[in-house]
Amino acid sequence: MLAYSIRRIFQLIPVLFVISLLVFLMMHIIPGDPVKNMLGLEASKEAIEAERERLGLNDPLPTQYFRFISGAMKGDLGRSIFTKKTITQEILQRYPYTVKLAVGGTLFATVVGVLIGITCAVRRGTVTDSSLVVVSLVAVSTPSFFLALMMMLIFALNLHWLPSIGLRTPMHYILPIATLGMQSVGLIARTTRSAMLDVLNQDYIRTSRSRGIPEKVIIYCHALKNAMIPVITVVGLRFGGLLAGSTLVETVFSIPGIGRYLVDGVLKRDFPVVQGTVLVLAFSFVVVNMIVDLLYAVVDPRIKYE
Amino acid sequence: MDSQVFKRFIKNKATIGGSAILFLFLAMAVLGPVLCAYDPNRIDLTSVYQPPSAEHILGTDNLGRDTFSRLVIGARISLLVSFVGTIVGSFLGMILGVTAGYFGGKIDSVISRFVDLLLAFPGLLLAIVVVAILGNGIPNTMAAIAFYSIPYIARMVRGIVITLKDSEYVQACRVMGASDSRIIITHIIPNSMSQIIVNTTLNLGTAILTASSLSFLGLGVTPPNPEWGAMLSQGREVIRYFPLAAIVPGVAITLVVMSFSIVGDGLRDALDPKLKNN
């Protein structure tokens, strides 16, 4: 397991390298000159040329990429064209908000989704099962930004139970986390239901029942652990997705996270900002997927990594 | 769709319900201007934020524009963007998947690594990157949706083709001297089609969500075009005083996404009844 983990971490290096190359190239095929955008339509040709020279945009692409990647490895992602602030500093300030939202959303979705999934599987074919399946379907289908607005309208603006914007106190986290997690609830519930139904039909569960083991012990100790493998895959993928998906929730609840920073960067065509944030989000997604991969063996000791 | 598949499809009540809702929105999109009593972009500052009435059945927005007319024309834009984007993405994904799965070797390695690389970006992030490169607007939102769909379809089709290419009937064709292109066009693609259709239908729901998310963020279809996500974004500003402006497009998006999901599941069950219990 240790050898596999180390090998898996080393395998990550070329993947991260290729992602950085792709992000760099994508930003360099963008039509239009970022320097013209920065200096405005009034700028003279000489001023534009001087600024391009200063930013190193006249250098060959390999040189520019080498500068970008060696800077990124030292934690320097450049400066914003508009605010002139260092992008690394901005990301470091904003990343914790996004991670807190994604972790909170994932925990919320996992707890609620697994509970709904188990209830549906145990009460298969009943009204409870059908109702919860419908609720899951609605949760998956509702856009997170619409859900966020409705939750804000009901719990913040009408009932005054919770604050509506920002992330100052623990109470501020409730609405964004519930909104962000809700879409994954449906997916996790569906996966848990299907995996639990598979496991509950197996011989060892029938044997446990015939031995008189209480149903709760069978469900939570015997069946759930074996049903967790597909659920972990979905949870892991959703966590990575929530890192990017939090953009919408950050927008509605005015949270200064990395997703909002990315969108502002795109709207202002501030390419170094877009390049830096996309790189950080894609790296996070790949690293989370690797951790999920490694978690399989912890949950299911039958899995042996060669 | 043969009669057996059709019978299985209509046997499921949820599928019928989902299909009916979809049909309603598709009819709305196709009939478009015929259903609209007002020009969706006509500004009337004397009747802003009107509640539903006989004159304006879903009320009016911040500029006095008729919400129902905007919803109808919005259906046209939202569905068109999602359909074109998903179908183009599925087609390109299918070509990549078939090529990788059928020819294998180095071609497979190159295509699979490319697909893995695209999958390294969470869906919405990939769509945002495409819009960052191309700019916003209807055609670029379609391109973002297409790009977003490619890796999922390519990976699925590759898996199917790897199984199909070693089947006896394909080997028999090869022995009879059929060319690779003939085998792919007349045997491999038709036999992969049912799964491609199911996945494309399921992807359509995700495409609507992605397109409306981009427009909500101001990166997709831009005002005054009445795209549902853009309408919701405008409704957000007056959520406290006039929630209907956000509720109407929000419910429309939810209903359409849910219907695509139900119809996709129904199609999968009808085309492959063995999967139903899973």
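1. Re the overall build of chain B
Right, so step 1: Across its full length, chain B carries 10 helices and zero strands.
Right, so step 2: Going from N to C terminus, chain B has its helices and strands arranged as α-α-α-α-α-α-α-α-α-α.
Right, so step 3: Counting the 278 residues in chain B, one finds 54% classified as buried.
Right, so step 4: Considering only intrachain contacts with a sequence separation of at least 6, the fraction spanning at least 24 residues in chain B is 72%.
Right, so step 5: Here chain B contributes 20 positive and 16 negative side-chain charges, whose respective centroids are spaced 6 Å apart.

2. What to know about the side chain of B:S82
All names here are of chain B.
Right, so step 1: On the secondary structure map, S82 appears in helix α3 (residues 67-103).
Right, so step 2: Exposure remark for S82: the relative accessible area of 1% places this residue in the buried category.
Right, so step 3: Filtering out sequence-adjacent residues up to four positions away, S82 remains in contact with I145, L204, A207, I208 and A211.

3. Focus on a nonpolar patch on the surface
Right, so step 1: Taken together, the side chains of B:L80, B:V84, B:V88, B:F91, B:L92 and B:I95 make up a nonpolar region of the molecular surface, amounting to roughly 480 Å² of accessible area.
Right, so step 2: Here B:L80 falls in the partly exposed class, since its relative accessible area comes to 47%.

4. Points about the domain arrangement of chain A
Residues and elements named next belong to chain A.
Right, so step 1: Partitioning chain A into domains gives domain 1 (2-73) and domain 2 (91-299).
Right, so step 2: Between the C-alpha centres of domain 1 and domain 2 there is a distance of 33 Å.
Right, so step 3: Of the residues lining the interface, 19 residues belong to domain 1; the matching set on domain 2 comes to 13 residues.
Right, so step 4: Interface of domain 1 and domain 2: buried area, both sides summed, is about 1,500 Å²; carbon and sulfur atoms make up 81% of it.
Right, so step 5: Summed over the three residues of domain 1 that lose the most area to domain 2, namely R8, L16 and M27, the buried surface amounts to 30% of that side.
Right, so step 6: Our enumeration of links across domain 1 and domain 2 arrives at zero salt bridges.
Right, so step 7: Counting every contact that joins domain 1 to domain 2 gives zero residue pairs in polar contact (both at pLDDT 80 or more).
Right, so step 8: Elements represented by at least two residues in the side of domain 1 that touches domain 2 include exactly α1 (2-28), α2 (34-39) and α4 (61-73).
Right, so step 9: Broken down by element, the side of domain 1 that touches domain 2 gets its largest block of residues, 13 residues, from α1.

5. Some thoughts on the interface of chain A and chain B
Right, so step 1: Taken together, the contact pairs 47 residues of chain A with 37 residues of chain B.
Right, so step 2: The largest per-residue losses of area from chain A upon contact with chain B belong to A:F145, A:F146 and A:L149, which jointly make up 15% of the total buried on that side.
Right, so step 3: In this structure, A:R190 engages B:D265 in a salt bridge whose closest nitrogen and oxygen atoms are separated by 2.9 Å.
Right, so step 4: Seen at the junction of chain A and chain B, the total is two residue pairs in polar contact (both at pLDDT 80 or more).
Right, so step 5: Top element by residues in the side of chain A that touches chain B is helix α10 (residues 215-252) of chain A. It accounts for eight residues.
Right, so step 6: Per-class residue counts for the side of chain A that touches chain B are 33 nonpolar, nine polar and five charged.

6. Quick look at the packing of α10(A) against helix α11 (residues 258-267) of chain A
Pairs of packed helices are described in terms of their axes, by the angle between the two and the distance that separates them.
All names here are of chain A.
Right, so step 1: Interaxial distance between α10 and α11 falls to 7 Å at its minimum, and their mutual angle equals 85°. Considered as vectors, α10 and α11 are oriented roughly perpendicular to each other. Mapping the contact onto sequence places T247, E250 and T251 in α10 and I258, G259, R260 and V263 in α11.
Right, so step 2: Taken together, the residues that form the contact of α10 with α11 break down as two nonpolar, three polar and two charged.

7. Re the nonpolar core
Right, so step 1: Among the nonpolar cores identified, the biggest contains 145 residues, and A:I19, A:M196, B:F121 and B:W228 are the most heavily contacted of them.
Right, so step 2: Inspection of this core shows a minimum of three residues originating in each of domain 1 (2-73) and domain 2 (91-299) of chain A.
Right, so step 3: Not counting the four nearest positions on each side in its chain, B:W228 is found in contact with B:F25, B:L71, B:G74, B:A75, B:S78, B:P249, B:A252, B:I253 and B:V256.
Right, so step 4: Counting residues in hydrophobic clusters, the runner-up holds 16 residues, among them B:I160, B:V170, B:C173 and B:I184.

8. Focus on α3(B)
Right, so step 1: Between its terminal C-alpha atoms α3(B) stretches 52 Å, which fits the 54 Å expected from 37 residues at 1.5 Å a residue.
Right, so step 2: Downstream of α3(B) by one or two residues, B:G104 has phi in the positive range, about 60°.

9. Some thoughts on unusual backbone geometry
Right, so step 1: For A:S254, which is not glycine, the phi dihedral falls at a positive 50°.
Right, so step 2: Looking at the element boundaries, A:S254 is found in the loop between α10 and α11.
Right, so step 3: Even without glycine at this site, B:Y49 takes up a positive phi of about 50°.

10. Let's talk about the packing of aromatic side chains
Residue and element names in this part refer to chain B.
Right, so step 1: Enumeration according to the criterion identifies 11 aromatic pairs over all chains in this entry.
Right, so step 2: Between F83 and F260, the aromatic rings sit 6.1 Å apart at their centres with planes inclined by 75°, giving edge-to-face as the arrangement. Residue F83 is found in helix α3, and its partner F260 is found in helix α10 (residues 244-271); the two are separated by 177 residues along the sequence.
Right, so step 3: Looking at F83, the relative accessible area reads 27%, which means it is partly exposed.

Definitions and limits used
- The residue count restarts for each chain, going from 1 along the sequence in the order it is written.
- As a convention, the first chain written is A and the first ligand written is 1, with the rest following in written order.
- pLDDT decides what is reported in this predicted model: residues at 70 or higher carry local features, side-chain atom pairs at 80 or more are listed and counted, and totals for whole chains, interfaces and linings draw on all residues regardless.
- Excluded from the side-chain calculation are hydrogens and water; included are all heavy atoms of the structure.
- Note on conventions: DSSP H or I runs of at least 4 residues are helices, E runs of at least 2 residues are strands, and numbering of each starts at the N terminus.
- Under the scheme applied here, a residue whose accessible area is under 20% of the maximum for its type counts as buried, over 50% as exposed, and between as partly exposed, the area being computed with a 1.4 Å probe on protein chains only.
- A contact between two residues is defined here by any heavy atoms of the two lying within 4.5 Å.
- Only four residue types enter the tally: Lys and Arg on the positive side, Asp and Glu on the negative side, with His and both chain ends excluded.
- Charge coordinates come from a single atom per side chain, which is NZ of Lys, CZ of Arg, CG of Asp or CD of Glu.
- Like-charged residues are merged into a patch within 9 Å and nonpolar side chains (Val, Leu, Ile, Met, Phe, Trp, Tyr) within 5 Å, provided each residue has over 30% relative accessible area and no salt bridge.
- Every accessible area reported is derived by Shrake-Rupley at a probe size of 1.4 Å, with residue values counting cover from the shown protein chains alone.
- One speaks of a salt bridge when a side-chain nitrogen belonging to Lys or Arg is within 4 Å of a carboxyl oxygen belonging to Asp or Glu.
- All the domain ranges listed were derived from an automatic or database domain assignment.
- Buried surface area refers to the total accessible area, computed with a probe of radius 1.4 Å, that the two partners give up upon joining, counted for both partners together.
- The definition of a polar contact used here is a pair of N or O atoms within 3.5 Å, where within protein one atom must be able to donate a hydrogen and the other to accept one, and adjacent residues in sequence count solely through side-chain atom pairs.
- For this scheme, ten residues count as nonpolar: Ala, Val, Leu, Ile, Met, Phe, Trp, Tyr, Cys and Pro. Four count as charged, namely Asp, Glu, Lys and Arg, and the remainder, Gly too, count as polar.
- Lines fitted to the C-alpha atoms define the axes, with helices restricted to the stretch that makes contact. Angles between their N-to-C directions range from 0 to 180 degrees.
- Geometric relationships in this document are graded by angle, where less than 35 degrees denotes roughly parallel, more than 145 denotes roughly antiparallel, 65 to 115 denotes roughly perpendicular, and other angles denote oblique.
- Definition of nonpolar core: a set of buried residues of the types Ala, Val, Leu, Ile, Met, Phe, Trp, Tyr and Cys, connected through side-chain atoms within 4.5 Å.
- Expected span of a helix: the number of residues minus one, times 1.5 Å.
- Planes of paired rings set the category: under 30 degrees apart is stacked, over 60 is edge-to-face and the rest tilted, where pairs are Phe, Tyr or Trp rings (Trp by its six-membered ring) whose centres lie within 6.5 Å.

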